[in-house]
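Reading the structure
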Amino acid sequence: MSAAFDLRAASLPLPARSRASEALALARLGFALVPMMPRSKKPYYDLLPKENGRPSWQPLALRPASDAEILAWFAADPECGIAAIMGKPSGGIVAVDVDHGAEVPPSLILTPTVSGDSSEGSDGRWRGHLFYRAAGAVRKQRHPWGEVLGEGCLVVLPPSIHPNGHPYTWTEGLGPGEVDVAPAPDWIYDGRAGARLPDALNARDRERVQQVPSEARTILFSPHRGSPLDFLMRDPEAALAIMRKCGARVARLGQAFCCPIPGHDERRPSMALYQQPDGAILCHDFHARDGVEWLAVPDVFASVVTGKPQRLTPGERAVWHLRAAAEAKIVQPPTVAAAPLPADAPDSVRAYYQGFLRLLALRALYDGTQTAAPFSWRFAAGWCGIGSPNTVQKAAAWLLARGYLVAVRPDGTEDRGSRSVTMFALGRPRD
Ligand SMILES: [Zn+2]
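Residues numbered from 1 in each chain as written. Predicted model: local features only at pLDDT ≥ 70, side-chain atom pairs only at ≥ 80, totals over all residues. Heavy atoms only, no water.

Assigned secondary structure in the chain consists of 12 helices and 18 strands. Counting every position in the chain, which comprises 431 residues, the buried fraction comes to 50%. Per element, the accessible surface of the chain, about 20,500 Å² overall, is 51% carbon and sulfur. (Helix = DSSP H or I, 4+ residues; strand = E, 2+ residues; numbered from the N terminus. Buried < 20%, exposed > 50% of the residue type's maximum accessible area, 1.4 Å probe, protein only. Areas by Shrake-Rupley, 256 points an atom, 1.4 Å probe, with all protein chains shown as cover.)

Next up on the list: the packing of helix α8 (residues 297-306) against helix α9 (residues 314-327). As a packed pair, α8 and α9 sit with axes 9 Å apart at the nearest point and diverge in direction by 75 degrees. As the angle between them shows, α8 and α9 are arranged roughly perpendicular. The segment α8 lies against α9, with Pro298, Asp299, Phe301, Ala302, Val305 and Thr306 engaging Arg317, Trp320, His321, Arg323, Ala324 and Glu327. Residues of the contact of α8 with α9, tallied by class, amount to six nonpolar, two polar and four charged. (Axes fitted to C-alpha atoms, helices over the stretch in contact; angles between N-to-C directions. Parallel < 35°, antiparallel > 145°, perpendicular 65-115°, else oblique. Contact = heavy atoms within 4.5 Å. Nonpolar A, V, L, I, M, F, W, Y, C, P; charged D, E, K, R; others polar.)

Turning our attention to the coordination of the zinc ion. Surrounding the zinc ion are the protein donor atoms Cys259 (SG), His264 (ND1), Asp285 (OD) and Asp285 (OD), at 2.1 to 2.7 Å. The site at the zinc ion holds four donor atoms, and with the angles between them running 49 to 131 degrees, its shape is irregular. Between consecutive donors of the zinc ion, the numbers of intervening residues give the motif C-x4-H-x20-D. Residue cysteine 259 is found in the loop between α7 (236-245) and β13 (271-275), and its partner aspartate 285 is found in strand β14 (residues 281-285); the two are separated by 26 residues along the sequence. Side by side, cysteine 259 and aspartate 285 carry an identical accessibility label, which is buried. (Donors = N, O, S within 2.8 Å, 3.2 Å for Na, K, Ca; no water. Tetrahedral: all angles 85-135°; square planar, octahedral: opposite > 155°, others 65-115°.)

Here we take up the sheet that holds strand β18 (residues 423-426). Strand order in the open sheet formed by three strands is β16-β18-β17, and the pairing between neighbours is antiparallel. Strand pairing shows two members of the sheet lacking a second neighbour, β16 (372-374) and β17 (405-407), which therefore form its edges. The sheet shows a mean angle of 35 degrees between the axes of neighbouring strands, direction not considered. Summarising the sheet, β16 and β18 pair through three bridges and their orientation is antiparallel. By the bridge assignment for β18, alanine 372 is matched with alanine 425. In the packing of helix α10 (residues 347-363) onto the sheet, the strands contacted are β16, β17 and β18, and the crossing angle to β16 comes to about 110 degrees. Relative to β17, helix α12 (residues 389-401) is tilted by about 100 degrees, and along the sheet it contacts β17 and β18. (Pairing = 2+ DSSP bridges.)

The subject of this paragraph is the packing of aromatic side chains. Tallied over the entire structure, the rule returns 13 aromatic pairs. Among the aromatic residues, those joined into a cluster by ring pairs are Phe301, Trp320, Tyr352, Phe356, Phe375, Trp377, Phe379, Trp383 and Phe424. Between the NZ or CZ atom of arginine 323 and the centre of the ring of tryptophan 383, over which it lies, the distance is 4.6 Å. Over the ring of tryptophan 398 we find arginine 402; its NZ or CZ atom is 3.9 Å from the centre of that ring. (Phe/Tyr/Trp six-rings, centres within 6.5 Å; stacked < 30°, edge-to-face > 60°. Lys NZ or Arg CZ within 6 Å of the ring centre and 35° of its normal.)

Quick look at the sheet that holds β14 now. Ordered in space as β13-β14-β15, the three strands form an open sheet in which the pairing is antiparallel. The sheet is open, and its two borders are formed by β13 and β15 (294-296), each paired with just one other strand. Ignoring strand direction, the axes of neighbouring strands in this sheet form an average angle of 35 degrees. Here β14 pairs with β15 via three bridges, running antiparallel. The residue of β15 that forms the bridge with histidine 284 is tryptophan 294. Packed onto the sheet, α8 meets β13, β14 and β15 and runs at close to 80 degrees relative to β15.

Structure, rendered in structure tokens:
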């Protein structure tokens, strides 16, 4: 969270201004704050209100610190840290402290929620706090993977400094104001997470399936039942194999993994596959870095192959899906017989020709009778890994001039005059 500078902090010395602004913003979000000693997990007794003549943070649990009090903390000590009192004082917000990244129950990472990073261990696994809003009392609990910090627990928040000297930070993209505090999982109330977890997880998964907006489904798919595409769309093993081909570590639907879309650079699991009520499988990108939350599996694959986020048209999506399935060894496309290129053919021509042959082979999986295929400059650039549509046009011109390709009209007849040719068939090269 980069808190907007708060004018009321203007009178503070410079180092304290942004820290006080951030604390004021957290108080507005409902966190009941307590001043903490710098680089310490102990309350700042000199700055606490008095109860029966002794400094205590208990009064701050009964009534939240006022803005004036918060400003006074940072005026007294610009390095003052802050903690929040979990549970009722913070509007029901409780924290799940994840200590052992490897063993985290998936139910804790299926839903994006406000999260803070802890210092990472040498194993590189994520550690930190996930905040949830509970509807009832939650007591402190120990689990194999960490702790639930419930009613009355103090949790140190950014911009405090950790005793190790590093500042506490919000997880990138998951700070307050970037995502909402998610509702607490059901099992959190009775403290028997271990025993109840599988049920809670299944319930959560079912609920999430219902949440997929129906527009997203119709935009992404118009399934032709019985076709290879229909099978691919609905087959969990195919979807999982394709995501693993993209580099994801995922073994089952509903399991969160690091989103492989180029440029997203996720540091913690941010994507999961879900099967819709009609059987189609979609990727849920929690962070929606490109503004898109629900993606088709082939769009993710095409993004990884081309090196940039792709939103495919339905026609493009069909062939990218088949290509993904072929590379994941789910389907076996036929070999297309074609004249070999001469040894002196430029690399871009070779890439373009191979890309077109690959397209013909994949299309043969659902229509063995066709001999021509649309191959627009823009599509071919990504599909063949050439990048520049200008180079694509030159490669096509090379192949057309030598007869390796012929331009055709949609009805299959040869097209010699059109300037916007995008449909090609294999030709008979002149020797
Ligand atoms: Zn992503």
